[in-house]
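Spelled out from the first residue to the last, the chains are:
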Amino acid sequence: MPRRRQRHMAGSGSDGTEDSDSSAEREQTNSSESDGNMPKRQRLTRASTRLSQSSQDTPDLKRAADHDESPPLTPTGNAPSSESELDISSPNASHDESQAKDQANRDSDKDLSHRPKRRRCHETYNFNMKCPTPGCNSLGHLTGKHERHFAVSGCPLYHNLSADECKVKAISREKQEEEVKGQEESNSRHATRHQTPTSKQSRYKEQVAEIRKGRNSGLQKEQKEKHMEHRQTHSNTREPLLENITSEYDLELFRKAQARASEDLEKLRIQGQITEGSNMIKTILFGRYELDTWYHSPYPEEYARLGRLYVCEFCLKYMKSQTILRRHMAKCVWKHPPGDEVYRKGAISVFEVDGKKNKIYCQNLCLLAKLFLDHKTLYYDVEPFLFYVMTEADNTGCHLVGYFSKEKNSFLNYNVSCILTMPQYMRQGFGKMLIDFSYLLSKVEEKVGSPERPLSDLGLISYRSYWKEVLLRYMYNFQGKEISIKEISQETAVNPVDIVSTLQSLQMLKYWKGKHLVLKRQDLIDEWKAKEIKRGNSNKTIDPSSLKWTPPKGT
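Please read all numbers here as calculations on a predicted model, not as lab measurements.

This next bit is on the sheet that holds strand β2 (residues 289-292). Taken in spatial order, the four strands make up an open sheet running β2-β1-β3-β4, and their pairing is mixed. Each end of this open sheet is capped by a strand with a single partner; those strands are β2 and β4 (318-319).

What follows is the structure, encoded as structure tokens:
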């Protein structure tokens, strides 16, 4: 019985080969058996030899049989029901048959190597889906690079375009990208790293400024009626009309960003990382706001597949339905974040929350932030971090405005690891307040700080604006003759690298006679001062005297 099982395995192996040592052992075993079984064995040997020869005469059938993973067939054409029905041949015949199988397998491998590979299931699942936009046939794609789409993010009809228009726009974008790429290759990297913008770049900047100034200040009556009619007809099933709202240049930039985001989502969908409609939270109900999400966040699957999440704005617990949220709010005793209130001025407060002491709250805060941040990767390992949560108070409680986190012990002196302003509070000055508060903590610690890289797109814009404002304010108040980057860094707690990059962008740094000189551009300073006067005494500033905080000791 053991010998028969080994015989069958050698014949149906994946590579069709047989070990020579085991074959030799079988030869010695067979020669030592009794002579009484010889007539029967000789008859079986002759029968198997004839079968072996017939199989060599029909190599095509042999190849198909070798690559079929089903059990070997008996002379009746059925799969063998027991081991006794398998062919038992002599070692010599077995060796000949194994050689024939080797050759057949090699030939079949050559044939199979030229066959096209079968596509994965997740690349073809979309053909069973349909775009959710009413009246759409799923043809075309916003990027102009795909023949079909299955999500609103790639639907031309939702974006008030046709498939042909998307293809034309894609061709023009590719031409522009090729031109820009050619210009970048023609310019040496080292030649432009520390130089001012070229004349061509300056002219382009002036043209863009003229285009933006020349746009209409508002919509005309007919245009307003058209926009309102479109909104009443299609409601939320179509994108609002964007023409004449801003300049053509800015609208084209927005269209490019839409196409690029749609292409990134399409790649993630093909790779199987996200599935539209089943693992993507579209909206969250947060306090009195309903917020559209921007990115995927790794909430538990039973919550993520709902598409809409209900979050308590005080304890940040997430729930599945409006009813559960209403019951939770009736018994939730939280009215502000946990931790210590380290800053208060007017209605604005900042709470210091330790990730080790309030782990659940900080994890929920990170999951919420990931819905609006692209580069965030920290969700659950919150213990090494401190979270500074900014709130705005009213008679119902302290409402979450934004937050930033920082490591308790940062080797590179990062004063911010992650920073977010909630969408309903954006473009109101709260982002700068969070950044200013992080540098205020660095000043108290007597350290020079810098945000951790990479920054998100909105984070980079906010930081560049903040660094520009800090430097211009310092220049306005500076009365000396010689200025030092080191002195600026010590007074503002901004990293010297960030100061140099900001001075270069403002064209206030010049290399002359082997030295770097800081130029005091009075036009930029006057422009900043005029904006400060126009802004007036805003309450969107951090008052150092309202800070009640001491640096944490070895945590």
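On we go from here.
Our next topic: the side chain of Thr133. Mapped onto the secondary structure, Thr133 falls in the loop between α6 (121-124) and α7 (163-186). For Thr133, the residues in contact, after removing those within four places along its chain, are Val152, Cys155, Leu157, Tyr158 and Thr237.

Time to look at the UniProt feature "active site" (unreviewed entry) in the protein. Within this numbering scheme, the UniProt entry marks Glu452 as carrying the feature "active site" (unreviewed entry). Classification of Glu452 by relative accessible area gives partly exposed; the value is 28%. Each residue touching Glu452, except ones within four places of it in the same chain, is listed here: Glu407, Tyr414, Val416 and Ser417.

In an α-helix, one full turn covers 3.6 residues, which means residues spaced three or four apart are oriented alike. Look at helix α19 (residues 522-535): 20 Å from first C-alpha to last across 14 residues, which is about the 20 Å you get at 1.5 Å a residue. Residues Leu524, Ile525 and Trp528 constitute the buried set of α19. Burial along α19 is one-sided: seen end-on, the buried residues are contained in an arc of 100°. Facing away from the buried surface of α19 by more than 90 degrees, the exposed residues are Ile533 and Lys534. Where α19 is buried, its residues touch α16 (457-477). In the segment just after α19, Gly536 is the residue with positive phi, at about 75°.

The rules behind the values
Residues numbered from 1 in each chain as written. Predicted model: local features only at pLDDT ≥ 70, side-chain atom pairs only at ≥ 80, totals over all residues. Heavy atoms only, no water. Pairing = 2+ DSSP bridges. Helix = DSSP H or I, 4+ residues; strand = E, 2+ residues; numbered from the N terminus. Contact = heavy atoms within 4.5 Å. UniProt positions renumbered as here; feature names shortened; annotations may be inferred. Buried < 20%, exposed > 50% of the residue type's maximum accessible area, 1.4 Å probe, protein only. Expected span 1.5 Å × (residues − 1). Arc of directions from axis to C-beta.

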